[in-house]
Amino acid sequence: MNKTVCLITGSRAEYGLLRPLLDELQADSELRLQLLVTGSHLSPEFGLTYQEIETDGYRIDEKVEVVMSSDSPVGICKSMGLGLISFSEAYSRLNPDLIVVLGDRYEIFSAVSAAHISRIPVAHLHGGEVTEGAYDDALRHSITKMSYLHFTANEDYRRRVIQLGENPDRVFNVGAIGLDNITRLKLLSRGELEDSLGFQFNRRNLLCTYHPVTLESDTAESHMQNLLNVLEQQEDTNIIFTKSNADTSGRIINQMIDEFVQKDRNHYHAYASLGQLRYLSLMQYVDAVVGNSSSGIIEAPSFGIGTVNLGDRQKGRVRSKLVIDCGPDETAIATAFKTLYSPAFDKLRKTATNPYGDGQSAPRIARILRESPLTQTTQKSFYDLASDRVSPHGVNRVPAN
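Residues numbered from 1 in each chain as written. Predicted model: local features only at pLDDT ≥ 70, side-chain atom pairs only at ≥ 80, totals over all residues. Heavy atoms only, no water.

Secondary structure assignment for the protein chain yields 15 helices and 13 strands. Taken against the 2.2 N^0.38 rule, which gives 21 Å for 401 residues, the C-alpha radius of gyration of the protein chain at 21 Å falls within 12% of a compact globule. Expressed as lengths along the three principal axes of its C-alpha atoms, the size of the protein chain is roughly 65 × 50 × 40 Å. Every one of the 401 residues in the protein chain was classed for burial, and the buried ones make up 56%. (Helix = DSSP H or I, 4+ residues; strand = E, 2+ residues; numbered from the N terminus. Rg over C-alpha atoms; globule rule 2.2 N^0.38 Å. Buried < 20%, exposed > 50% of the residue type's maximum accessible area, 1.4 Å probe, protein only.)

In structure tokens, the structure reads:
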């Protein structure tokens, strides 16, 4: 009997990463794909990006509304509570054999919590990672503990998932799935991209995405202003902004971007959502990804471009030598740009590699999902690193000396 696999997506960036896996699951005759859409996909403020999913030819089986009008801590907690209720109702209708999720966002945490209570096994992508500046860090590790199968982006992260007590037999280093898009998509040419976006590239070009550092209090506005001040000083430079997600203070950042773009529409451009094709295509022609998006850590090095990474949001992730880390103050950001455009960095671009795999993650994940035996349970034994085995009673026995 075919397994019913319910894949969940809650944001534009996450959907773009998951597309190769969607294609693999949809084409697999032994798997029945369900697609549940939630989060900012359903928000007009964030571009109603569920429409992109439908345009791409995927059937949406359920839409779960969780995003509310407030991005305050109280508002996000209310969204999580609403999500917990709504996901449990959706699962009772869909009756999946397995849930597939990626990452660490709060709506995914709610989705996995509801699956755990409903005794539906969860397959989790991108566990074991560390982002010390965001509350997503704790949510990610919590999702790991509620998940049954684990697909990590490199061996360091696989070891960390095992350190969290997960059995190595269910933890797979498959590489970062975002790299699959780079190998699969026919990226737009420079001219096609200019026509699509309605502007001409300049001598220098930057792709900027900045999200709130959610474990810091009231820093989004000041840090974003520091970044904008430095960007404004860059000569002969076009700056393409993609707007912030639905985190606490995300709306403040987006308002600041809109006001900044108004100063010079010839050189500054902002988009609620570029879509995966245009976003990755832009990476071919920009000098760097700027801000604190994970795309600057994971995908950008595959294009041999730099990343100016601000602050602590991505602190703890494995990174390429092409990532230039800097503090969120103006002096540090300006120094990072000097490094980016230095002869030494230009030389480094020619030899640096990407530590996140070979762009063949999706077929690996689909094969493991197809071949893994599943029971309708979330019961697991804790795997102790000091133990040679896991007790059938769930208690790890440390061998005697």
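Turning our attention to the pattern of salt bridges. Taken as a whole and assessed by the stated rule, the structure comprises 23 salt bridges. Among the salt bridges present, the one from Glu-166 reaches Lys-145, with a minimum N-O distance of 2.7 Å. Taken together, the residues Glu-166 in the loop between α6 (155–163) and β7 (171–173) and Lys-145 in helix α5 (residues 136–145) connect sequence positions 21 residues apart. The exposure class assigned to Glu-166 is buried, which follows from its relative accessible area of 1%. (Salt bridge = Lys/Arg side-chain N within 4 Å of Asp/Glu carboxyl O.)

Moving on: the side chain of Gln-314. Mapped onto the fold, Gln-314 is located in the loop between β12 (306–310) and β13 (323–326). Judged by its relative accessible area of 3%, Gln-314 falls in the buried class. Those residues in contact with Gln-314 that lie beyond four places of it in its chain are Val-130, Thr-131, Asn-292, Ser-293, Ser-294, Ile-297, Asn-309 and Arg-319. (Contact = heavy atoms within 4.5 Å.)

Looking now at the state of the cysteines. Under the definition given, this model contains 0 disulfides. In this model Cys-326 remains outside any disulfide bridge; the closest cysteine sulfur is found in Cys-208, 11 Å from its own. Classification of Cys-326 as buried rests on a relative accessible area of 11%. (Disulfide = S-S within 2.5 Å.)

Tallying each qualifying case throughout the model produces 8 aromatic pairs. When the centroid spacing of 6.3 Å and the interplanar angle of 25 degrees are considered together, the rings of Phe-87 and Tyr-91 count as stacked. On the criterion of helical spacing, the pair formed by Phe-87 and Tyr-91 is a turn pair, its members being 4 residues apart in helix α3 (residues 73–94). Per residue, the accessibility class of Phe-87 equals that of Tyr-91, and both read buried. Ring geometry for Tyr-157 and Tyr-356: centres 6.2 Å apart, planes at 35 degrees, overall tilted. Of this pair, Tyr-157 sits in helix α6 while Tyr-356 is found in the loop between α14 (343–349) and α15 (361–371), placing the two residues 199 residues apart along the sequence. An identical accessibility class is assigned to Tyr-157 and Tyr-356; each is buried. The rings of Phe-199, Phe-201 and Tyr-285 are connected pair by pair, giving a single aromatic cluster. It is Arg-170 that lies over the ring of Tyr-148; its NZ or CZ is 4.8 Å from the centre. (Phe/Tyr/Trp six-rings, centres within 6.5 Å; stacked < 30°, edge-to-face > 60°. Lys NZ or Arg CZ within 6 Å of the ring centre and 35° of its normal.)

Further remarks concern the sheet that holds strand β5 (residues 122–125). One open sheet holds the 7 strands; their spatial order is β3-β2-β1-β4-β5-β6-β7, and the pairing between them is parallel. Lying at the two open borders of the sheet, with one neighbouring strand each, are β3 (62–64) and β7. Pairwise comparison of adjacent strand axes, ignoring direction, gives a mean angle of 20 degrees for this sheet. With 3 bridges joining them, strand β2 (residues 31–38) and β3 adopt parallel strand pairing. (Pairing = 2+ DSSP bridges. Axes fitted to C-alpha atoms, helices over the stretch in contact; angles between N-to-C directions.)

Right, let's talk about the confidence of the model for the protein chain for a bit. When pLDDT is averaged along the protein chain, the result is 90, and 93% of the positions lie at 70 or above. Here residues 390–401 is a poorly scored stretch, pLDDT under 50, and it has 21 contacts once near neighbours within four places are set aside; other chains count. (pLDDT = per-residue confidence, 0-100.)

Positive phi, normally seen in glycine, also occurs at Arg-119, with a value near 60 degrees. As for its position among the elements, Arg-119 is in the loop between α4 (106–117) and β5. Backbone geometry at Asp-236 places phi at a positive 50 degrees, although glycine is not the residue there. Tracing the backbone shows Asp-236 in the loop between α9 (220–232) and β9 (237–242).

Considering the arrangement of structural elements, one finds Val-74 in helix α3. Overall, Val-74 belongs to the exposed group, its relative accessible area being 53%. With 277 residues separating them in the primary sequence, Val-74 and Thr-351 have C-alpha atoms 47 Å apart.

A word on α5. Every buried residue of α5 is listed here: Asp-136, Asp-137, Leu-139, Arg-140, Ile-143 and Thr-144. Axial view of α5: buried residues confined to an arc of 165 degrees, hence all on one face. Lining the buried residues of α5 we find β4 (98–102), α4, β5, β6 (149–152) and α6. (Arc of directions from axis to C-beta.)

Further remarks concern the environment of Asp-104. Of note, Asp-104 is situated in the loop between β4 and α4. Of the residues examined, Asp-104 reaches a relative accessible area of 12% and is grouped as buried. As a C-alpha pair, Asp-104 and Leu-139 span 35 residues in sequence and 5.6 Å in three-dimensional space. Those residues in contact with Asp-104 that sit more than four places away from it in its chain are Asp-136, Leu-139, Arg-140, Ile-143 and Arg-317.

Turning our eyes to something else, we now look at the sheet that holds β13. With parallel pairing, the 6 strands of this open sheet are ordered in space as β10-β9-β8-β11-β12-β13. In this open sheet, the two edge strands, each paired with only one partner strand, are β10 (268–271) and β13. For this sheet, the mean angle separating the axes of adjacent strands, direction not counted, is 20 degrees. Bridging between β12 and β13 involves 4 bridges; their strand directions are parallel. Bridging across to β13, Leu-310 finds its partner in Cys-326. This element, helix α11 (residues 275–283), spans β8 (204–209), β9 and β11 (288–291) of the sheet and lies at about 135 degrees to β8.

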